[in-house]
Each structure stands twice: as structure tokens, then as C-alpha cells.
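Secondary and tertiary structure notes
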Amino acid sequence: MQISTASFWLRLLAFLNDSFIIMMLHVLFLSFILSRQTLSDATSVFVLYIVALPLNPLLYFQSAILTYYFGGSLGKLLTGLAVTNEDGKPLSLKRIFFRQTLGYRFSTMVFGLGYFSVLTDPKRQAWHDKTIGSLVVVYRPMWIVGMISLIAFVILNGYMIAGAVRMATTSPLKDEAMGLFAEYQSSMEQDAREKRVPLEESVPEELN
Amino acid sequence: MEKTESDWSIEALYRGAWQIVKHNPVLWLFGMAAAIAGSGYNFRFPDVDPQGWQKIFEDAYQQGGNDAVLGNATSALFESVSQLFAHVPVWLYVAIGIELLIFLAITIVLALIYSNWANASLLSGIQLAMQKKPVSIADSSERALSKIIPLLQTTFVPSLLLSVIMLVVIGMLAMGIAISPSGLKAIFILFLIVWIAVLIVAWFLLSLTLIWASREVVVHNKKPREALGHGYHLAKKKFWSMLLLGFVNNIVTTMAIAIPVGLMIGALVGGFFAFSSYKSLGISLFVFGGTLLFLFLLAGWVIAGVITAFKAAVWSLALEAIKDL
């Protein structure tokens with residue numbers, strides 16, 4: 001069976017789709033934080049964000065889990081790509097995990113040269129593909145869908161970021177934070193006034 | 001023919017190792033991976049240090065009493081921020097704690113796997129080169145994947161055991177020194193000195209054993225226990241030769257790094273001092289030193305990879321010379 005391997009540009013398209021999907025999750029959460037009415041509420045939602053996204057192990061391994069069950073990460077599926085072994089068959093869970101964690105680490109050495117090796121390799125394998133004998137194949141020509149979804153994600157992200165910035169500048173949180181900062185500034189000034197030595201005490205008696 | 005003490009010549013080992021490393025750049029990559037992974041054994045989890053954050057908050061809280069300028073302002077701000085975080089449900093903090101523990105465990109496991117995979121791939125690649133076969137990432141890694149667990153058992157378990165025994169005995173002797181009457185203290189101190197000497201020899205022997213044992217596992221497909229046994233046997237027989245080879249390896253690799261680093265530092269420092277009196281000389285030295293620094297930053301890890309691969313090739317060739325002992 002003829003296997004059609006994915007070019008560097010298709011893989012890049014899939015990677016960009018993945019990146020913007022993850023970015024969208026972060027921006028969504030941050031918008032939700034900024035939509036809260038009080039700083040106390042916003043703090044609780046911020047801690048929830050830390051639990052749900054940056055520290056969530058599932059998020060870090062989602063591409064490995066999706067690749068095992070569906071053949072590729074979300075970005076790859078949208079672009080019509082799949083990760084298989086060199087015979088076109090699915091890979092084992094251990095190999096997929098190795099590829100998506102330590103394999104990527106190996107490719108990142110020497111300024112990410114491992115990723116760019118796809119450009120010159122006859123089988124279009126990156127270094128992380130070579131470590132476990134995987135190929136990224138085109139199972140369906142869907143690059144148009146990948147391009148459209150990428151454009152949609154970029155626009156959506158931009159719109160959400162702009163909305164978040166607007167919320168940050170107009171929400172009641174901003175007033176509460178500014179109030180807190182003003183309180184802190186006035187406390188600082190008061191402390192500085194209390195610590196300053198009175199002028200009469202600093203001038204010698206004969207000059208008074 | 002009976003094997004003699006000098007079963008290898010350092011010159012022949014170095015010449016052979018250089019030929020292997022020079023013609024197989026793939027080995028530099030595995031050397032780099034092994035060199036980078038070496039730092040994984042520190043079990044660091046960067047960016048998150050719960051005790052560090054606690055200290056920062058404690059210091060910030062106490063700073064109000066010590067700092068003459070900020071005084072109560074800092075503690076008032078800290079109190080306001082603490083009150084905000086005090087309203088967060090406790091289960092979220094528990095979840096953060098669990099996630100951090102999971103991350104720590106995963107980081108340690110991945111670091112161990114990466115390090116052992118890199119070493120196994122390097123040794124497999126060197127073996128392919130010694131057999132005059134082409135060395136590729138795919139072939140070396142494929143051979144290494146099945147050796148990760150046996151190699152981990154071979155290298156990690158004995159080191160962990162020795163560390164535990166060392167800590168337990170030192171702990172007991174330290175307690176004995178602390179609580180025993182002054183007459184008996186001298187005996188405990190003597191035991192401690194003897195124990196430390198025994199530990200030094202034990203660590204040396206273990207390090208030398210593991211050099212052979214790891215190759216027996218990866219190249220000769222031996223089981224960990226068998227590999228450790230044979231490695232220990234070879235390490236005892238070739239103890240002084242190995243120490244000499246290791247010493248020479250370290251001297252050569254130190255010189256390989258120290259000479260360009262010394263030139264770079266000398267040029268930069270010389271340029272700094274010469275700049276005030278002889279501007280043109282100072283600028284030339286700065287440019288020369290700066291260029292060396294830039295190249296070092298760019299190629300530093302590649303150099304580390306080449307050196308790691310070279311040292312590994314030296315030991316692999318040495319094992320080939322004495323494997324039937």
C-alpha cells in the first residue's frame with residue numbers, strides 16, 4: 001500500500017492549529033477571570049485556571065492520548081494527517097508517549113534542528129519520528145480544512161484577546177485593583193513621613 | 001593466549017574512538033542527549049519550589065518589621081492579597097498540591113527514561129560503528145528502546161541501594177557520636193572514618209562496575225544481575241588500568257574545554273585592561289574573545305556531545321579488548 005507522507009508545511013499547519021487551540025483555552029479562561037465582579041471572585045477563578053490548565057497533566061499529554069485513540073492530535077486530524085508506524089499501522093501507547101514527550105525533547109536540541117530535518121529526509125521523518133519508527137501520513141487530503149480552521153482560530157483568538165483587554169480596562173476589577181494600589185501607596189507615604197526625622201531635631205542648637 | 005595486565009593501550013583506544021566519533025555525527029546527537037540528560041539526575045522541578053515560595057512569603061511578611069522605608073505598607077499589602085487568596089476554596093489548593101506531586105513524579109520518571117535511552121542509544125550506535133555498519137538515529141534508538149528498563153535496573157538500583165545504606169550507617173554513627181559518653185565517642189568517630197573510606201572505595205568500584213555492566217546490558221544483551229556480576233569481576237581485575245584511563249580521559253576532556261575557554265576569558269579580561277591605554281588592542285581582544293564566546297554558546301552542547309560520545313567510545317573499545325577475561 002502506497003503511504004503518502006506529510007510534508008513539512010502540512011505538519012507546520014497541523015502544529016499551528018494545535019497551538020492556537022491551546023491558546024484559545026487559555027484566553028477563554030482569562031476572559032472568564034476578567035469578567036468577575038470582585039477581586040476575590042477573580043482570584044478564586046484564577047486558582048481554578050491554574051488547576052485546570054497550566055498544571056493539568058492531562059493537558060500536557062492530550063496529544064499523546066488523542067494520537068493513541070484517533071491517530072493524531074486535534075491539529076493533525078483537522079489537517080487530515082495521522083501518525084503511524086512505517087507500515088502504516090497504529091503505534092503502541094508506549095511508543096506514542098515516548099514520541100510526544102522525550103522524542104520532541106530530542107528534536108528540540110540544537111535549535112530545533114530535529115523538526116527541520118523533515119525538509120531533507122527521504123521519508124519526511126523528524127528526529128522524534130526516527131527514534132520510534134513513526135511516519136506522519138496524509139490519510140485524507142484536508143489541507144484546505146486545516147487552513148480554514150487555522151484562519152478561524154487566529155481570528156477567534158484575536159477577537160477574544162481584544163475582548164479581554166477591553167474587559168480589563170472597563171471592569172469593576174480594575175477599580176478595585178486601583179483602589180488597593182492607592183491604599184498601598186498612601187500607606188507607603190505615611191510610613192515614609194513617620195520615619196523621616198523632624199527638621200528642628202536635625203539642625204544644631206547654635207543655628208536655631 | 002593469556003591476557004596480560006596491559007590488555008589495552010590508551011593511544012590505540014583514543015585513535016579508535018576518534019575514528020568512530022569523527023565519522024558518525026549521529027553519535028554526537030546521542031552524546032548531547034546523554035550530556036543534557038545528566039542534569040536530570042538532580043531531580044529538579046524548575047519554576048516550582050514550594051519551600052522557596054513559602055520562604056518568599058515569610059520574608060515578605062517579616063520585611064515590614066525590618067525595612068525602614070516600606071514599614072507597615074508592605075505588610076498591609078500582603079494582608080490584602082492574603083485575604084483575597086483566603087477566599088479560594090480549600091479543595092483547589094489540595095488539587096494544586098496533588099498536581100504538583102504528579103508533575104514531580106512524572107518529571108523524575110521522564111528524566112530517568114531519557115537519560116537511559118540516550119546512553120543506550122549512544123552505546124548501540126558505537127557498537128554499530130565498531131562493526132563497520134552505518135549508524136543512524138533509527139537503528140540506534142530501536143535497539144535502545146528495549147534496553148531502557150534493564151539499563152535502569154542496572155544503573156539506578158545499585159546506586160540507590162548504596163546511597164540508602166550509606167545514609168543509614170552514617171545516621172547511626174552520627175547518633176552514636178552525639179549521645180555516647182565521651183569515652184566511647186572516639187570509637188564511633190573511628191568507625192565513621194573507616195566507613196567513609198569504605199564508601200569511597202565502594203563508590204569507585206560501583207562506578208567502574210557500571211561502565212562495563214551498562215555495555216553488557218546494551219551490547220551483549222545480558223540480564224542486569226549477570227551484567228553487574230561480570231562488570232564487577234572486570235572492574236576488580238582492571239581496577240588500576242581503569243583508574244588511569246578515567247584519569248587520562250578527564251585530563252584530555254578538561255583540556256579540550258579549558259583551552260578555548262581560557263583563551264576566551266584571557267582575551268576578554270585582557271581587552272578590558274588594555275582598553276584604557278591601547279584602545280585598538282583592547283577592541284581587537286574584545287572582538288576575538290566575544291567571537292569565541294558566541295561560538296561557545298552556539299556550539300557548547302555540540303562540543304559536550306562530541307566529548308561524551310568520545311569517552312563512551314573509549315570505554316566500549318576497552319571492553320572489546322578485555323571482554324573474555
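In the block above lies the structure referred to throughout.
Residues numbered from 1 in each chain as written. Chains lettered and ligands numbered in written order. Predicted model: local features only at pLDDT ≥ 70, side-chain atom pairs only at ≥ 80, totals over all residues. Heavy atoms only, no water.

This paragraph deals with the overall build of chain A. Along chain A, the regular secondary structure elements total ten helices and two strands. Counting from the amino terminus, chain A carries its helices and strands in the arrangement α-α-α-α-α-β-α-α-β-α-α-α. If one aligns the C-alpha atoms of chain A with their principal axes, the spans along those axes are about 105 × 40 × 25 Å. Relative to its 208 residues, chain A shows a buried fraction of 43%. The long-range fraction of contacts in chain A, counting pairs at least 24 apart against all pairs at least 6 apart in sequence, stands at 74%. Of the roughly 12,000 Å² that chain A leaves accessible, carbon and sulfur atoms contribute 67%. (Helix = DSSP H or I, 4+ residues; strand = E, 2+ residues; numbered from the N terminus. Buried < 20%, exposed > 50% of the residue type's maximum accessible area, 1.4 Å probe, protein only. Contact = heavy atoms within 4.5 Å. Areas by Shrake-Rupley, 256 points an atom, 1.4 Å probe, with all protein chains shown as cover.)

How big an interface is tends to be expressed through the accessible area that disappears when the partners come together. In this assembly, 34 residues from chain A lie in contact with 41 residues from chain B. Across the chain A to chain B interface the summed buried area is about 3,400 Å²; carbon plus sulfur atoms make up 77%. The tally of links from chain A across to chain B stands at one salt bridge. Linking R95(A) and E142(B) is a salt bridge whose minimum nitrogen-to-oxygen distance equals 2.7 Å. Where chain A packs against chain B, one counts two residue pairs in polar contact (both at pLDDT 80 or more). (Buried area = accessible area lost by both parts, 1.4 Å probe. Salt bridge = Lys/Arg side-chain N within 4 Å of Asp/Glu carboxyl O. Polar contact = N/O pair within 3.5 Å; in protein donor to acceptor, adjacent residues only side chain to side chain.)

What follows covers helix α9 (residues 172-195) of chain A. Taking 1.5 Å as the rise per residue, α9(A) with 24 residues should run 34 Å; its terminal C-alpha atoms sit 35 Å apart, in good agreement. Of the residues making up α9(A), those classed as buried are L173(A), Y184(A) and D191(A). (Expected span 1.5 Å × (residues − 1).)

On to helix α8 (residues 182-218) of chain B. In this model, α8(B) (37 residues) spans 53 Å end to end at C-alpha, consistent with the 54 Å of a helix rising 1.5 Å per residue. Of all the bends in α8(B), the greatest measures close to 25° and is centred on L210(B). (Bend = angle between axes of the 7 residues up to and from the residue.)

On to the pattern of salt bridges. Residue and element names in this part refer to chain A. Under the counting rule described, the total for this entry stands at seven salt bridges over all chains. Of the charged contacts, one joins D129 and R11 as a salt bridge, the two residues approaching to 2.7 Å between their closest N and O atoms. A residue pair is termed long-range when its members are at least 10 positions apart, and D129 in helix α7 (residues 127-132) and R11 in helix α1 (residues 8-34) qualify at 118 residues. Residue classification places D129 among the buried positions, given a relative accessible area of 0%. Residue classification places R11 among the buried residues on the basis of a relative accessible area of 12%. One salt bridge in this structure joins K123 and E86, with 3.2 Å as the shortest N-O distance.

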